[in-house]
Amino acid sequence: MSDPSALRPFQGHTPRLGERVYLDPLSLVLGDVTLGDDCSVWPMAVVRGDMHSIRIGARSSVQDGCVLHITHASDFNPGGHPLTIGDDVTIGHKAILHGCTLGSRILVGMGAIVMDGAVVEDEVIIAAGAVVTPGKRLASGHVYAGNPAKPLRALKESERAFFGYTAGNYVKLKDQYLAE
């Protein structure tokens with residue numbers, strides 16, 4: 001069972017968990033957040049849906065030290081931006097995702113930053129330390145690197161296969177934690 005101390009309601013919104021979700025006791029999931037089946041949130045990760053919604057699909061993992069937040073609505077940004085993440089997404093250690101949309105089968109490298117209003121299509125690798133600037137769209141089938149992130153090259157078939165492998169590996173690991 002996930003640690004209930006990792007969950008915190010905010011202004012009438014309580015996080016909703018799918019089946020077999022693992023929340024580390026040192027993580028925080030707050031407010032209007034939905035985690036799909038077989039998701040995992042690891043130590044020191046913060047998933048903060050306090051002023052907009054966060055939706056994370058099945059078999060996605062949020063690694064140690066990640067910060068996941070939204071963009072609130074204001075005169076400067078009418079409507080704001082929720083944070084939406086698809087299925088089979090691996091979010092590397094200390095990544096920051098802020099008010100953006102990620103499709104499915106994505107690897108976000110360690111320390112990468114994806115900013116407000118950015119859209120990442122399915123089957124993309126964002127290299128470690130890359131910065132995806134506000135409003136940028138990353139097309140499917142590529143590796144992106146740098147600051148600002150730019151297409152580095154097309155994905156290899158072995159990298160496409162890796163999306164399912166890494167998502168499945170974290171499902172197995174969180175199952176071991178749930179069994180403890």
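Just so we're clear, the structure is a prediction, and the values are computed from it rather than from any experiment.

Taking burial as the measure, the five residues of strand β20 (residues 150-154) include zero buried ones, a minor fraction of the element. In terms of strand pairing, strand β19 (residues 142-145) meets β20 through four bridges, oriented antiparallel. By the bridge assignment for β20, A145 is matched with K150. What sits between the antiparallel neighbours β19 and β20 is a turn of four residues, in which G146 has the positive phi angle 100°.

What follows concerns the sheet that holds strand β10 (residues 89-91). Reading across from one edge, β3-β5-β7-β10-β13-β16-β19-β20 is the order of the eight strands in this open sheet, with mixed pairing throughout. Unpaired on one side and paired on the other, β3 (22-23) and β20 mark the two borders of the sheet.

Another aspect to go through is the pattern of salt bridges. Within the structure shown, the criterion is met by 13 salt bridges. Here R20 makes a salt bridge to D38, at a shortest N to O gap of 3.0 Å. Within this pair, whereas R20 is found in the loop between β2 (16-17) and β3, its partner D38 is found in the loop between β4 (28-35) and β5 (40-41), the two being separated by 18 residues in sequence. Of the residues examined, R20 reaches a relative accessible area of 45% and is grouped as partly exposed. A salt bridge links D122 to R105; its shortest N-O distance comes to 3.6 Å. One end of the pair, D122, is in the loop between β15 (119-120) and β16 (124-126); the other, R105, is in the loop between β12 (101-102) and β13 (106-108), with 17 residues separating them in the sequence. The class of D122 is partly exposed, set by a relative accessible area of 33%.

A few words on the nonpolar core. The biggest cluster of nonpolar side chains holds 37 residues, and the ones touching the most others in it are L68, I91, L97, L102 and I126. At the level of elements, β4, β6 (46-56), β9 (83-85), β10, β13 and β16 are the ones that each hand at least two residues to this core. Every residue in contact with I126, bar those within four places of it in the chain, is listed here: L107, V108, G109, A112, V114, V120, V132, L138 and Y144. Core analysis: the next-biggest nonpolar cluster, separate from the first, contains five residues, L107, I125, V143 and L155 among them.

What counts, and where the lines are drawn
Residues numbered from 1 in each chain as written. Predicted model: local features only at pLDDT ≥ 70, side-chain atom pairs only at ≥ 80, totals over all residues. Heavy atoms only, no water. Buried < 20%, exposed > 50% of the residue type's maximum accessible area, 1.4 Å probe, protein only. Helix = DSSP H or I, 4+ residues; strand = E, 2+ residues; numbered from the N terminus. Pairing = 2+ DSSP bridges. Salt bridge = Lys/Arg side-chain N within 4 Å of Asp/Glu carboxyl O. Core = buried A, V, L, I, M, F, W, Y, C linked by side-chain atoms within 4.5 Å. Contact = heavy atoms within 4.5 Å.

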